[in-house]
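The primary structure of each chain is shown beneath.
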Amino acid sequence: MRHGAGLGGRPSLSLAVQYACNSEALPSRAQVRRWAAAAAENVVQVTVRFVDAKEGKSLNCEFRGKDYATNVLSFSYAEDPVVGDLVLCVPVVLSEAREQRKAAAAHFAHMIVHGMLHLQGYDHEAGKCEAERMEMKERTVLARFGFADPY
């Protein structure tokens, strides 16, 4: 059993969820926990924060130099155990879900899994092989919940 693993040797997850905006489409804390736990390969301490476009744009500008809101930002603070924050911009995620003709829950799940993998060292911008590895992991995790291939 890994250090900090839970029952059955599975990685443990310490999760906080913050709702800094309102939407009927927001996932419940229980949903966020299931999706994050399914993507956890290591011991993870994470805060997932749901924000509006103003906060999403501000954070993306401050930390990435991009003057627009993006779907998910991941902030990694430590690797062992993994400690980080995920910030999901609700209007962007909902807009993308509509554009991609998929349920909001499916896209929220994808963004949480995507962000969790980033916190654990996956990087789709590090080359084609790494992008394929990350996308395959996302597909595998999302399929457990009955969500279609997001790509």
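Residues numbered from 1 in each chain as written. Predicted model: local features only at pLDDT ≥ 70, side-chain atom pairs only at ≥ 80, totals over all residues. Heavy atoms only, no water.

A description of the nonpolar core should follow, citing residues and the corresponding values.
Among the nonpolar cores identified, the biggest contains 36 residues, and Val46, Val48, Phe50, Leu88, Phe108, Ile112 and Met116 are the most heavily contacted of them. Elements that contribute at least two residues to this core include exactly β1 (13–19), α1 (29–39), β2 (44–51), β4 (82–89), α3 (90–99), α4 (104–119) and α5 (128–143). If you tally residues by element for this core, the top one is α4, at nine residues. Not counting chain neighbours up to four residues away, the residues in contact with Leu88 comprise Val48, Arg49, Phe50, Val51, Asn71, Val72, Phe108, Met111 and Ile112. (Core = buried A, V, L, I, M, F, W, Y, C linked by side-chain atoms within 4.5 Å. Buried < 20%, exposed > 50% of the residue type's maximum accessible area, 1.4 Å probe, protein only. Helix = DSSP H or I, 4+ residues; strand = E, 2+ residues; numbered from the N terminus. Contact = heavy atoms within 4.5 Å.)

Requested: an account of α1, with residues and values cited.
Turning to α1, its buried residues are Val32, Trp35, Ala36, Ala38 and Ala39. One face of α1 carries all of its buried residues, which in axial projection span an arc of 160°. (Arc of directions from axis to C-beta.)

With reference to specific residues and values, describe the pairing of β4.
Most of β4 is tucked away: six of the eight residues are buried. Of the pairings in the sheet, the one linking β2 to β4 comprises eight bridges and is parallel in character. The residue of β4 that forms the bridge with Val48 is Leu86. Of the strand pairs in this sheet, strand β3 (residues 72–79) and β4 are connected by seven bridges, and their pairing is antiparallel. What sits directly across from Val72, in β4, is Leu88. (Pairing = 2+ DSSP bridges.)

Help me get a handle on the packing of α3 against α4, residues and values and all.
The geometry of α3 relative to α4 is characterised by a closest axis approach of 9 Å and an angle of 120° between their N-to-C directions. Relative to α4, the element α3 lies oblique. Crossing of α3 over α4 shows right-handed handedness. Note on element contacts: α4 touches α3 through Ala104, His107, Phe108 and Met111, opposite Val90, Val93, Leu94, Glu96 and Ala97. Each residue belonging to the contact of α3 with α4 can be placed in one class, and the counts come to seven nonpolar, one polar and one charged. (Axes fitted to C-alpha atoms, helices over the stretch in contact; angles between N-to-C directions. Parallel < 35°, antiparallel > 145°, perpendicular 65-115°, else oblique. Left-handed = near helix turned anticlockwise from the far one by under 90°. Nonpolar A, V, L, I, M, F, W, Y, C, P; charged D, E, K, R; others polar.)

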